[in-house]
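Topology and contacts: notes
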Amino acid sequence: MHRLYLALDVETAEEAFRLLRRIEAKPAVKVGMELFYHEGGQFVERLVGEGYPVFLDVKVHDIPETARRTLRQIGRLGVELTNVHTLGGETMMRYALDGLRDVNETTRLIGVTQLTSTDERMLAEELHIEGGLERAVLRQALSAERAGLDGVVASVHEARAIHQALGSQFLTVTPGIRMNETTDDQVRVATPKAAREAGVSAIVVGRPITRAEDPNAAYTYYLQEWSRTYETNR
Ligand code: C5P
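Residues numbered from 1 in each chain as written. Predicted model: local features only at pLDDT ≥ 70, side-chain atom pairs only at ≥ 80, totals over all residues. Heavy atoms only, no water.

Within the chain, the secondary structure is distributed over 10 helices and eight strands. Considered along the principal axes of its C-alpha atoms, the chain spans approximately 40 × 40 × 30 Å. Relative to its 234 residues, the chain shows a buried fraction of 52%. For the chain, the share of sequence-separated contacts (at least 6 apart) that also reach a separation of at least 24 residues comes to 68%. Accessible area for the chain stands at about 10900 Å²; split by element, carbon and sulfur atoms hold 45% of it. (Helix = DSSP H or I, 4+ residues; strand = E, 2+ residues; numbered from the N terminus. Buried < 20%, exposed > 50% of the residue type's maximum accessible area, 1.4 Å probe, protein only. Contact = heavy atoms within 4.5 Å. Areas by Shrake-Rupley, 256 points an atom, 1.4 Å probe, with all protein chains shown as cover.)

Written as structure tokens, this is what we have:
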């Protein structure tokens, strides 16, 4: 996997397709909670049907049986990637994976570790998690791996340590990608080139493309920085 997922952080399907029509290539896309809660599974199935590789980013975090039943529903949508929250625990992650595999052999399941908007102070003082971000993310990645998941969502800053501990096949998917100082609400940011150098499996880019005056130019620029060629975004 070597993807750039374009985060479709817009309110409606209409807006999402308007944005996609402005981009010449057929990007891999990330559908988050905002769009999924509004448009539901039919919209996701339409994207899949039109050939867009989809990462459904709904960060499931619930009791194990509910996670299993939820992932069984998600599994029917045909997305290539989806996620649960690692802090739901290993039993929850295992149940989620079981639910997914009941209906589908191909969708990959990854675990969210610490959001890229979380900094060291917040981790310690608000979330009361000890040992610092890198160690916390690594512990969560190890627990995802024990539960049988395919990888994690983390920041570029932890990717190298994760791959060192768990190998290059274990996926790291990293949001918080920026070319310049504008970070919006993200804290642990990095450039696409830094992501590539850290061995990241896939990057997620939203506002730098969706809010650009010319989304096609911005997408092309980020994609080239990330992969150098269009061909590798397959
Ligand atoms: O606009 P921006 O590039 O910051 O968008 C990043 C996307 O990645 C958002 O859709 C956000 O929900 C998502 N995300 C994140 N951090 C995570 C998991 C998902 O920023 N740990």
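Once the structure has been displayed, the description carries forward.
Turning to the site of the ligand, a few remarks are in order. Near the ligand lie 16 residues; those nearest to it are Asp9, Lys30, Arg178, Gly206 and Arg207. Here a nitrogen atom of the ligand sits 2.9 Å away from a polar atom, N or O, in the side chain of Thr116. When isolated, the ligand has an accessible area of 470 Å², and the protein chains bury 88% of it. Taken atom by atom, the bulk of the ligand overlaps the largest pocket. Counting only elements with at least two residues in the shell around the ligand, the list comes to strand S3 (54-60), strand S8 (202-205) and helix H9 (207-210). Considered class by class, the residues forming the shell around the ligand number seven nonpolar, three polar and six charged. (Near = heavy atom within 4 Å. Polar contact = N/O pair within 3.5 Å; in protein donor to acceptor, adjacent residues only side chain to side chain. 1 Å grid on protein atoms, 1.4 Å probe; cavity = no way out; pocket = protein on both sides within 12 Å on 5 of 7 lines; lining within 4 Å. Sits in = over half its atoms within 2 Å of the grid points. Nonpolar A, V, L, I, M, F, W, Y, C, P; charged D, E, K, R; others polar.)

Looking now at the packing of aromatic side chains. Note on aromatic pairs: each is described by the distance of the centres and the angle between the planes. Scanning all chains against the criterion turns up three aromatic pairs. With 5.8 Å between their ring centres and 80° between their planes, Phe17 and Phe43 make a pair best called edge-to-face. Of this pair, Phe17 sits in helix H1 (residues 13-21) while Phe43 is found in helix H2 (residues 33-49), placing the two residues 26 residues apart along the sequence. Since its relative accessible area comes to 6%, Phe17 is described here as buried. Residue classification places Phe43 among the buried positions, given a relative accessible area of 5%. A cation sits over an aromatic face here: Lys26 above Tyr52, 4.8 Å from the ring centre. Cation over ring: Arg46 sits above Phe17, and NZ or CZ is 3.9 Å from the ring centre. (Phe/Tyr/Trp six-rings, centres within 6.5 Å; stacked < 30°, edge-to-face > 60°. Lys NZ or Arg CZ within 6 Å of the ring centre and 35° of its normal.)

This part covers the pairing of strand S5 (residues 108-112). With four of its five residues buried, S5 lies for the most part within the structure. As judged from the five bridges shared by strand S4 (residues 81-85) and S5, these two strands associate in the parallel manner. Its bridge partner lying in S5, Leu81 is registered against Arg108. Note on the crossover from S4 through helix H4 (residues 90-103) to S5: the handedness is right-handed. Bridge count for S5 against strand S6 (residues 151-153) is three bridges, and the pairing is parallel. The residue of S6 that forms the bridge with Val112 is Val153. (Pairing = 2+ DSSP bridges. Right-handed = clockwise from strand over helix to strand, strands pointing away.)

The backbone of Lys59 shows a phi angle near 45°, a positive value even though the residue is not glycine. The topology assignment puts Lys59 in strand S3. A positive phi angle is found at His128, which is not glycine, with a value near 55°. Along the chain, His128 falls in the loop between helix H5 (120-126) and helix H6 (133-146).

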